Amino acid sequence: MIGTVSRVSTDDRCIRLTRKIERETAFHLFALPMGMEPSLAVIGVPLWATVGVHVTGDIAPKWDSLAAIINFNSFITASTDFFGHNDMDMLQLGNGGLTFDEAKSHFTAWALMKSPLLIGTNPKLSTITPDILEILTNKEIIAINQDPVVGKSISPFRWGINPDWTSNSSFPAQYYSGPSEKGTVFMLLNTLNEPADMTFNLTESPWIRAGRQYHVRDLWSHTDNGTAVRNFTAHAVPAHGVVALLLKDAGNEPKGIFPACSVWFQCTDKNGTRVGG
C-alpha cells in the first residue's frame, strides 16, 4: 500500500471493502460516515493527482451520460498531464443503470483518460457486487492511470462511425491510443447498440513505429494475445463495450510482407525508392 488511509465509517462491510481495494490498488481510500453524502461511500484518487478541473455537467449512471462526457473530453485530452487533469466526475459503478460492459467502458475511459478516479456509491457499499469490485480493482488499468512517468491521456486517432473531429454526444470517438511507461495503450470503444468487430492499422496511432511488430497484452482478460503485425482486429466487441490493450515493441516485422508498407500510399523503401501508392 502506498500513501495514507483515513477511515471514519464503522460499517464492517465498508471497512472490509476498503481494505481489499487498498491491498489490490494504490489508491488513497476514504470511507465516509453514514449519513454524509449518501451517494458517495469510497473515494480513490491517483497518487500523482495535482489539480483536477471538472470539465462537464454532473454525471448520471446512464450510458447516454457517459457517452456525452467521453465525447466532450475527447477534444481536450491535450489538457491532461502531470500539471493537471480533466476531472470527468465520479465513477458510477455500483449505482445501477449500467450493464457490466458499460461499467467496464466507464472505468476504462476514465482511467486511461487520466481522470481522477472517484468511486461513488451508497454508504454501505451494498451495491458493490463481485463483478463491479473486479472492475474497480483491475491493477493493469489502474497502473496506466497512475503511471509515474507518463501523465498524458489517451487521445482519439480515428472517430470510427463519424468523420474525424466530429462531435457527437451519443456516438463519441471509438479508437484511442496514448503512450505509457510500459508501451502504447489502445482503447477501442464500441459506441453502437450491438456487437461489432473493430479493426485498426497500427500506424494510425502516432505512438507506433512503421515496420515494427508488437506484443499484445489484453488489460481486461490479463492475457498475452500474440503479436500484431500492421493491423489488429477485436472481434464481437459487446454493445457499449470496450477493449483495452497494451502494445510493446517486438522488433522488426517479418520480411517479405506485401505490400512493402503498412499503408500503401506514398510508400518508400528503406533505400529511399518509392515502391507503391
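I will try to describe carefully the structure that is included in this document. (Residues numbered from 1 in each chain as written. Predicted model: local features only at pLDDT ≥ 70, side-chain atom pairs only at ≥ 80, totals over all residues. Heavy atoms only, no water.)

## Notes on the layout of surface pockets
Next, step 1: Approximately 510 Å³ is the volume attributed to the largest pocket.
Next, step 2: What lines the largest pocket is a set of 18 residues, among which G211, R230, E253, A260 and K270 lie closest to the centre.
Next, step 3: For the second largest pocket, the calculated volume is near 170 Å³.
Next, step 4: Considering the residues around the second largest pocket, the lining is formed by 14 residues, among which T77, K152, S153, S155 and W207 are closest to the centre. (1 Å grid on protein atoms, 1.4 Å probe; cavity = no way out; pocket = protein on both sides within 12 Å on 5 of 7 lines; lining within 4 Å. Points joined across faces, edges and corners; volume = space filled by probe spheres on them.)

## So, the pattern of salt bridges
Next, step 1: Overall, the coordinates contain 6 salt bridges when judged by the stated rule.
Next, step 2: We note a salt bridge from R217 to E140, for which the minimum N-O separation is 2.9 Å. Pair noted here: R217 is in strand 10 (residues 212-218) and E140 is in helix 5 (residues 139-145), with a separation of 77 residues, a long-range link.
Next, step 3: Residue classification places R217 among the partly exposed positions, given a relative accessible area of 22%.
Next, step 4: Among the salt bridges present, the one from E204 reaches R158, with a minimum N-O distance of 2.6 Å. With E204 in the loop between strand 9 (196-201) and strand 10 and R158 in strand 6 (residues 155-158), this pair connects stretches of sequence that are 46 residues apart. (Salt bridge = Lys/Arg side-chain N within 4 Å of Asp/Glu carboxyl O. Helix = DSSP H or I, 4+ residues; strand = E, 2+ residues; numbered from the N terminus. Buried < 20%, exposed > 50% of the residue type's maximum accessible area, 1.4 Å probe, protein only.)

## Re the sheet that holds strand 10
Next, step 1: Strand order in the open sheet made by the 6 strands is 6-7-8-13-10-11, with antiparallel pairing throughout. Looking at the sheet topology across the chains shown, the edges are occupied by strand 6 and strand 11 (223-229). Within this sheet the neighbouring strands show an average axis-to-axis angle of 35°, counted without direction.
Next, step 2: As defined by bridge partners, strand 10 adjoins strand 13 (residues 242-252) across 6 bridges and the pair is classed as antiparallel. Within the sheet, the bridge partner assigned to R217 lies in strand 13 and is L246. (Pairing = 2+ DSSP bridges. Axes fitted to C-alpha atoms, helices over the stretch in contact; angles between N-to-C directions.)

## Focus: the environment of R230
Next, step 1: With respect to the element layout, R230 can be found in the loop between strand 11 and strand 12 (231-237).
Next, step 2: Note: C-alpha distance between R230 and I208 (22 residues apart in sequence) is 9.8 Å.
Next, step 3: There is a polar contact of 2.8 Å between the side chain of R230 and the side chain of E253.
Next, step 4: Separated by 2.6 Å, the side chain of R230 and the backbone oxygen of P259 make a polar contact. (Polar contact = N/O pair within 3.5 Å; in protein donor to acceptor, adjacent residues only side chain to side chain.)

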